[in-house]
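Residue strings, one per chain:
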Amino acid sequence: MQTVTAIYPGTFDPLTNGHLDLIARGSKIVDKLVVAILRNSEKGTPLFTVEERREMITEAVAPFDNVSVLTFNGLLVDFARQQGAKAVLRGIRAISDYEYEFQMAMMNRKLDPELETLFMMPAEKYTYVSSRLIKGVFQLGGDVSSLVPPLVMDRLKAKTAAE
Ligand code: PNS
């Protein structure tokens, strides 16, 4: 029997309920799902270190038997190959995500024609949720507690208290 491993890559700064919703959906359709945190992100200075993000995601995915958390550097296709993965899982929230996701999927296909990209949609209630908005709204005093796991909420509060 063939085992299908998929990689769910991202920056996850921080993990949101939208990410978690996608992990739950993805974990049902593949045998193994590896959440992969990009170490050398070009997105500027992150709020949480890679290690903090790894800890938060590991705790949040503990209920899923077939989900693990790793970090990676360099090309996603190389990491996917190392993991023996057949697919990359990505979430699409709205049409605005499509262009960026399409370009990445096509570039990854060019780099490794054997690797497929699977797109899934999160629950409607999370379609507007992004890590960037969560950070921005939280830093301005907005309530984001229903949009991130409680353990992420605690870390967000601890971060601001420490500043
Ligand atoms: O959550 P994000 O920031 O939208 O995730 C982007 C990510 C990590 C999937 C993407 O930046 C990536 O795969 N980076 C690794 C470098 C790479 O493989 N680039 C070529 C693919 S276009």
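Residues numbered from 1 in each chain as written. Predicted model: local features only at pLDDT ≥ 70, side-chain atom pairs only at ≥ 80, totals over all residues. Heavy atoms only, no water.

Caption draft 1: Spatial organisation of the packing of helix H2 (residues 50–60) against helix H6 (residues 150–162). Between H2 and H6, the least distance of the axes is 10 Å, while the angle of their chain directions is 155°. By the angle between their axes, H2 is roughly antiparallel relative to H6. Across the interface between the two elements, Glu52, Glu55, Met56, Glu59 and Ala60 of H2 pack against Leu151, Val152, Arg155 and Lys159 of H6. Split into classes, the residues belonging to the contact of H2 with H6 amount to four nonpolar, no polar and five charged. (Axes fitted to C-alpha atoms, helices over the stretch in contact; angles between N-to-C directions. Helix = DSSP H or I, 4+ residues; strand = E, 2+ residues; numbered from the N terminus. Parallel < 35°, antiparallel > 145°, perpendicular 65-115°, else oblique. Contact = heavy atoms within 4.5 Å. Nonpolar A, V, L, I, M, F, W, Y, C, P; charged D, E, K, R; others polar.)

Caption draft 2: Structural detail: the site of the ligand. Around the ligand, a shell composed of 14 residues is seen, among which Thr11, Lys43, Leu76, Arg90 and Tyr100 lie nearest. Contact distances for the ligand include 2.8 Å between an oxygen atom and a backbone N or O atom of Leu76. In the model, an oxygen atom of the ligand is placed 3.0 Å from a nitrogen or oxygen of the Arg90 side chain. Contact with the protein chains covers 79% of the free accessible surface of the ligand, which is 550 Å². Counting residues per element, the ones that place at least two in the shell around the ligand are strand S1 (5–10) and helix H4 (95–111). Among the elements that take part in the shell around the ligand, H4 stands out by supplying four residues, more than any other. When the residues that make up the shell around the ligand are grouped by side-chain class, the tally is eight nonpolar, four polar and two charged. (Near = heavy atom within 4 Å. Polar contact = N/O pair within 3.5 Å; in protein donor to acceptor, adjacent residues only side chain to side chain. Areas by Shrake-Rupley, 256 points an atom, 1.4 Å probe, with all protein chains shown as cover.)

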